[in-house]
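Read off the chains here:
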Amino acid sequence: MFFFDSLTRVRAGTRTDRGGNLILDWSPGAVGRLAVDRLNIQPASQTETTDATRTAVVTGWRVQSDEGTRPDITAVDRLEWRGMTLEVQGEVAEWPDPLSGAVHHIEFTMSRATG
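Residues numbered from 1 in each chain as written. Predicted model: local features only at pLDDT ≥ 70, side-chain atom pairs only at ≥ 80, totals over all residues. Heavy atoms only, no water.

Colleague: Help me out: how do you make sense of the confidence of the model for the protein chain in this one?
Modeller: The predicted coordinates ought not to be read in detail in places where the model reports low pLDDT. Mean pLDDT for the protein chain: 94, with 99% of residues reaching 70 or above. The least confident element of the protein chain is strand S5 (residues 55–65), whose mean pLDDT is 92; the most confident is strand S1 (residues 5–11), at 98. (pLDDT = per-residue confidence, 0-100. Helix = DSSP H or I, 4+ residues; strand = E, 2+ residues; numbered from the N terminus.)

Set out below in structure tokens:
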């Protein structure tokens, strides 16, 4: 009933750097996109810091998936929502079903920094 929000998960591809190391590739042709629905997205926080050169604002939202869902979202993914590109903060928490032990739902925080 409350899980009517959706977003797009953006996952980096990979490429090999000059040293032969495999690194993340966020170029437009390398990323993969996945529509994710059945989410509840709510405001969580907003902080503002000011120094001599700028005012920085960090805004966060709490995301919870619907019961019985485990969307493929990880801590290194980016998220597109309402015209913004956001980052996952911390790890994605999997909440277990108390009766079966299977994943009941996931929760995480996403944020956007401006300034």
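Moving on from the coordinates now.
Colleague: Hey, could you run me through the side chain of Glu-107 in this one?
Modeller: Tracing the backbone through its elements, the reader meets Glu-107 in strand S8 (residues 103–114). Glu-107 gets classed as buried once you look at its relative accessible area, which sits at 13%. Each residue touching Glu-107, except ones within four places of it in the same chain, is listed here: Arg-62, Val-63, Gln-64, Glu-91, Val-92, Ala-93 and Trp-95. (Buried < 20%, exposed > 50% of the residue type's maximum accessible area, 1.4 Å probe, protein only. Contact = heavy atoms within 4.5 Å.)

Colleague: For this particular structure, what's the right way to read the environment of Met-110?
Modeller: Topologically, Met-110 is positioned in strand S8. With a relative accessible area of 0%, Met-110 lands in the buried category. Residues within four places of Met-110 in sequence aside, it is in contact with Leu-7, Ile-41, Thr-59, Gly-60, Trp-61, Val-63, Leu-79, Trp-81, Leu-86, Glu-87, Val-88 and Gln-89.

Colleague: How should I be thinking about the pattern of salt bridges in this particular structure?
Modeller: Tallying each qualifying case throughout the model produces 7 salt bridges. For the salt bridge of Arg-62 with Glu-107, the shortest nitrogen-to-oxygen distance reads 2.9 Å. Linking Arg-62 in strand S5 with Glu-107 in strand S8, this pair joins segments that are 45 residues apart in sequence. Of the charged contacts, one joins Arg-70 and Glu-94 as a salt bridge, the two residues approaching to 2.8 Å between their closest N and O atoms. (Salt bridge = Lys/Arg side-chain N within 4 Å of Asp/Glu carboxyl O.)

Colleague: When you look at the environment of Asp-97 in this model, what are you seeing that I'm missing?
Modeller: Within the secondary structure, Asp-97 is located in the loop between strand S7 (84–96) and S8. Spatially, the C-alpha atoms of Asp-97 and Gly-68 are 8.6 Å apart, while their sequence positions differ by 29 residues. Setting aside residues up to four positions removed in sequence, Asp-97 forms contacts with Ala-102, Val-103 and His-104. Within the local environment of Asp-97, its side chain forms a polar contact with the backbone nitrogen of Ser-100, the two atoms lying 3.2 Å apart. (Polar contact = N/O pair within 3.5 Å; in protein donor to acceptor, adjacent residues only side chain to side chain.)

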